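As a plain string of letters, each chain reads:
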Amino acid sequence: MRKAVGALLATTALALTTGMTFGAGSAAAQSADTTAAVQAIHATTASTGNGVRVTYYAGTERLGYGEWHQNAQGLIQDDTLEVVDFGDTTYEFVAQLSDGRRASTVGQTDNVDRVTRNLPEGSTHTMRVCLVQNTGTNHCASTPVTA
């Protein structure tokens with residue numbers, strides 16, 4: 001009887017240990033997958049003629065961007081800070097100018113947010129654009145902009 005109980009306990013312990021090991025392995029694999037996905041994200045900064053755009057990619061897929069327009073042409077005549085989210089529900093975007101203005105798609109139903117206001121001509125500021133995931137803010141890029 002003792003041998004039977006001992007064998008049962010040993011089998012149960014082995015099953016629990018094996019289950020824990022597989023669980024840990026799965027978590028590690030998930031963590032590695034998440035890390036690989038995060039590492040695949042990159043940003044490029046480019047001049048747009050009258051401003052600067054920071055575009056985020058996952059591999060070759062565009063996720064969204066933050067952009068500064070100096071004295072924008074067309075419907076919006078003021079200096080403009082804008083973020084555009086291409087609709088992937090995993091990622092949202094925030095852009096902030098060093099004067100405090102902020103545009104964000106976080107929690108918004110629209111995929112575009114912009115703020116406009118003229119700044120003194122020739123003044124230099126810093127635009128910081130961040131990609132935001134449900135795990136927190138990641139992948140921020142800063143670039144100088146001129147009003």
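All values derive from a computational prediction rather than experimental measurement. (Residues numbered from 1 in each chain as written. Predicted model: local features only at pLDDT ≥ 70, side-chain atom pairs only at ≥ 80, totals over all residues. Heavy atoms only, no water.)

## Topic: the nonpolar core
If you look at the biggest cluster of nonpolar residues, it comprises 20 residues, and the most contacted ones within it are Tyr 56, Leu 63, Trp 68, Phe 93, Leu 97, Met 127 and Leu 131. The set of elements that each furnish at least two residues to this core consists of β2 (51–58), β3 (61–69), β4 (80–85), β5 (91–97), β8 (124–133) and β9 (136–146). The residues touching Leu 63, leaving out its near neighbours within four places in the chain, are Ile 41, Tyr 56, Tyr 57, Ala 58, Asp 85, Phe 86, Asp 88, Tyr 91, Phe 93 and Leu 131. (Core = buried A, V, L, I, M, F, W, Y, C linked by side-chain atoms within 4.5 Å. Buried < 20%, exposed > 50% of the residue type's maximum accessible area, 1.4 Å probe, protein only. Helix = DSSP H or I, 4+ residues; strand = E, 2+ residues; numbered from the N terminus. Contact = heavy atoms within 4.5 Å.)

## A short note on the state of the cysteines
All told, the structure shown has 1 disulfide when counted by the stated rule. Two residues, Cys 130 and Cys 140, share a disulfide whose sulfurs are 2.0 Å apart. Note on the Cys 130 and Cys 140 pair: the S-S dihedral is about 115°, so by sign convention the disulfide is right-handed. Of this pair, Cys 130 sits in strand β8 while Cys 140 sits in strand β9, and the two are 10 residues apart along the sequence. Of the residues examined, Cys 140 reaches a relative accessible area of 32% and is grouped as partly exposed. (Disulfide = S-S within 2.5 Å.)

## Here we look at the confidence of the model for the protein
In this model, the protein carries a mean pLDDT of 76, and residues with pLDDT of at least 70 account for 69%. Mean pLDDT per element in the protein: helix α1 (residues 2–39) is the minimum at 39, and strand β6 (residues 102–104) is the maximum at 96. Note on residues 1–39: pLDDT under 50 across the span, and 2 contacts to partners over four residues away in sequence or across chains. (pLDDT = per-residue confidence, 0-100.)

## Some remarks on the side chain of Glu 82
Of note, Glu 82 is situated in strand β4. For Glu 82, a relative accessible area of 8% puts it in the buried group. A polar atom in the side chain of Glu 82 sits 3.2 Å from the side chain of His 69. In this structure, Glu 82 is in contact with Tyr 65, Gly 66, Glu 67, His 69, Ala 103, Val 112, Asp 113 and Arg 114, ignoring residues within four places of it in sequence. (Polar contact = N/O pair within 3.5 Å; in protein donor to acceptor, adjacent residues only side chain to side chain.)

## Some details on the environment of His 42
Considering the arrangement of structural elements, one finds His 42 in strand β1 (residues 41–47). Owing to a relative accessible area of 36%, His 42 belongs among the partly exposed residues under this scheme. Considering only alpha carbons, one finds His 42 and Ala 58, 16 residues apart in sequence, at a separation of 6.6 Å. The residues contacting His 42, other than those within four sequence positions of it, are Thr 55, Tyr 56, Tyr 57 and Gly 59.

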